[in-house]
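Close look at the chain arrangement
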Amino acid sequence: MNSRYYIEGLIAVFIFGITPIFIKEVAANAFTIGVVRLSIGMVFLYLLAGPSKISKLRKSEWRALVWIGLLFGVHWVTYFISVKLSTPSMAILSVSSFGLHMIYLNWIIKGVKPKPVDLIAVFIAVVGIYLIVPDFNLKNDVTAGILVGLASGLVFAILPFVQQRHQHIDSMTRAFGQYTFAMLVFLVFTPETNWELSQLDWIYLAILGVICTVVAHTLWLRATTMLPPTNSSLIFYLGSPIAMLTSYIFLNETMNTNKVIGACLIISANIFGVLMRRRTSYKTSSEGN
């Protein structure tokens with residue numbers, strides 16, 4: 001049964017890897033992209049979840065969906081802004097920091113104190129971030145985009161904890177709630193949306209809405225709900241090299257030595273941290289038995 005969720009996670013991550021290309025290329029701004037993607041997602045998920053299931057939700061479950069949706073909305077708006085300001089590869093590398101955020105979130109939420117290996121992973125990742133930042137000046141769009149992406153990664157790291165706490169709610173229903181209440185975040189920026197778009201822009205938005213939203217995020221929601229956080233984290237990091245490769249091929253993004261080395265350090269640090277946490281988890285489980 002687990003193999004099914006691994007496959008779904010891999011498919012989702014592949015789509016995540018190519019998604020920034022469309023976000024960068026479409027003329028719509030971050031807020032317009034969010035409104036369109038969420039609108040499409042809400043319609044599809046309402047039909048898939050089924051009105052009867054949604055109508056039977058208790059008040060506590062509605063509150064859970066509100067929190068999930070708001071977190072997802074903040075993650076998305078910051079991620080889109082990160083892509084627009086910087087580049088697809090820099091944005092997804094920044095969001096990939098969510099694994100490092102999980103180190104102290106595990107401490108805060110579950111009481112799991114960081115170990116020396118966790119601190120080593122953080123140090124390696126910080127060096128990697130230092131290498132990919134072109135100029136430590138907020139007036140530099142790439143630098144600003146990376147910082148926004150790091151914030152997006154923090155919010156993204158919180159989501160699995162909340163999703164797993166409420167996994168008794170049907171996954172399709174949770175996905176519907178996630179998109180519905182994420183819309184509240186984007187509606188705040190309604191005056192900033194832009195709708196003077198070409199036919200090609202609308203095709204890109206359709207791809208972003210159907211493939212990159214409905215398909216990818218529904219699969220990812222199922223995978224992160226059913227798989228251990230460490231395993232889903234490892235799968236997620238495959239999205240970074242995919243984004244870098246596609247950005248290099250289709251957008252002619254420059255891949256200098258610093259950027260490549262920095263990316264390798266960030267990805268390696270996250271994978272190392274995840275593997276160490278999984279090893280500790282297995283060791284603790286074995287001792288308990």
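Notes on the structure follow. What you see is a predicted model, and the numbers here were worked out from it, not measured in a lab. (Residues numbered from 1 in each chain as written. Predicted model: local features only at pLDDT ≥ 70, side-chain atom pairs only at ≥ 80, totals over all residues. Heavy atoms only, no water.)

What the protein chain contains, in helices and strands, is 13 helices and 0 strands. Scanning the protein chain from its N terminus toward the C terminus, one meets helices and strands in the order α-α-α-α-α-α-α-α-α-α-α-α-α. In terms of overall dimensions, the protein chain is globule-like: its C-alpha atoms have a radius of gyration of 19 Å, near the 19 Å expected for 289 residues. For the C-alpha atoms alone, the extent of the protein chain along its principal axes is close to 50 × 50 × 30 Å. Taken over 289 residues, the protein chain has a buried fraction of 52%. Summarising the internal contacts of the protein chain: among those between residues at least 6 apart in sequence, 87% fall at separations of at least 24. Only carbon and sulfur atoms are counted for the fraction: they give 68% of the accessible area of the protein chain, which is about 13,700 Å². (Helix = DSSP H or I, 4+ residues; strand = E, 2+ residues; numbered from the N terminus. Rg over C-alpha atoms; globule rule 2.2 N^0.38 Å. Buried < 20%, exposed > 50% of the residue type's maximum accessible area, 1.4 Å probe, protein only. Contact = heavy atoms within 4.5 Å. Areas by Shrake-Rupley, 256 points an atom, 1.4 Å probe, with all protein chains shown as cover.)

With respect to the helices and strands, H75 occurs in helix 4 (residues 59–85). Taking the relative accessible area as the measure of exposure, H75 reaches 4% and is therefore buried. Not counting residues up to four positions away in its chain, the partners in contact with H75 are V95, S152, V155 and F156.

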